[in-house]
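Breakdown of the fold
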Amino acid sequence: MMNEGQVFGYVRVSTRDQNVERQIDALAPYHIPRKNLYIETCSGKDFLRPAYRRLLRRLHQGDLLYVKSIDRLGRNYQDVIEQWRIITKEKKADVKVLDMPLLDTTYGKDLLGTFIADLTLQVMSFVAQIERESILQRQAEGIAAAKARGVKFGKQPKELPDNFDELFVLWRQKKISNQELAQICGMDISVIYRKLRVAGVSLKSSDDCAPFD
């Protein structure tokens, strides 16, 4: 006689700022042993996650995995479909997605029940993937439009102080050191050298003390 399978739970948040308690509370009524509850903070873009990989190794035929929502399992359409296939077809374990009752392989073990669960998963995952791609496209379009308006992104280069001409003369006359010049300007001396070269100012000692424009 086959032993009754174990019950597992999987909880995932993308960042440490997010709280796992909501998912844990949702799984609480299903009496999942603490050792079978896998919790991790990791992106859902792929399935190369330590806790998920450990969970997958432990799943066997007859086991049941609970997740609160399909996006906690993963966010990539093709990857979610593949992992669902591995769990339900290769491992022969069951999956229950609490937020989507149709994603329940324990319900209707006949061909129709399996078809409904698989079809629902594909539709849900496809919609999630399209939404994600749409968000990325809107972000890219927004950035392109902002750049066209002259908006600059990223860290802006620091400018030399207004009195740099005077500082430059003192520096060339060795009245202030490299370290003092860098400290006054608030930037590394190598950055000052680079700005001088870009401006066409020669740094050879035989040159006159030309002002920096």
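What counts as what
Residues numbered from 1 in each chain as written. Predicted model: local features only at pLDDT ≥ 70, side-chain atom pairs only at ≥ 80, totals over all residues. Heavy atoms only, no water. Core = buried A, V, L, I, M, F, W, Y, C linked by side-chain atoms within 4.5 Å. Buried < 20%, exposed > 50% of the residue type's maximum accessible area, 1.4 Å probe, protein only. Helix = DSSP H or I, 4+ residues; strand = E, 2+ residues; numbered from the N terminus. Contact = heavy atoms within 4.5 Å. Salt bridge = Lys/Arg side-chain N within 4 Å of Asp/Glu carboxyl O.

Attention now goes to the nonpolar core. With 22 residues, the main nonpolar core has Tyr52, Leu55, Leu65, Ile70 and Ile87 as its most contacted residues. The set of elements that each furnish at least two residues to this core consists of β1 (7–13), α2 (50–58), β3 (64–67), α3 (70–73), α4 (77–90) and β4 (94–97). Ile70 has contacts with Val80, Trp84, Val97, Leu103, Leu121 and Ser125, leaving out every residue within four places of it along the chain. Phe168, Trp171, Ile189 and Leu196 belong to the second-largest nonpolar core, a separate cluster that totals 14 residues.

For the coordinates displayed, the defined rule picks out 6 salt bridges. One salt bridge connects Asp71 with Arg72, and the closest N-O pair in it is separated by 3.3 Å. Overall, Asp71 belongs to the partly exposed group, its relative accessible area being 26%. Residue classification places Arg72 among the buried positions, given a relative accessible area of 9%. Salt-bridge contacts for Lys96 lead to Asp104; the nearest nitrogen and oxygen are separated by 4.0 Å. Residue Lys96 is classed as partly exposed on the basis of its relative accessible area, which comes to 22%. Overall, Asp104 belongs to the buried group, its relative accessible area being 14%. It is possible to trace a salt-bridge network through shared partners that takes in Glu82, Arg85 and Glu90.

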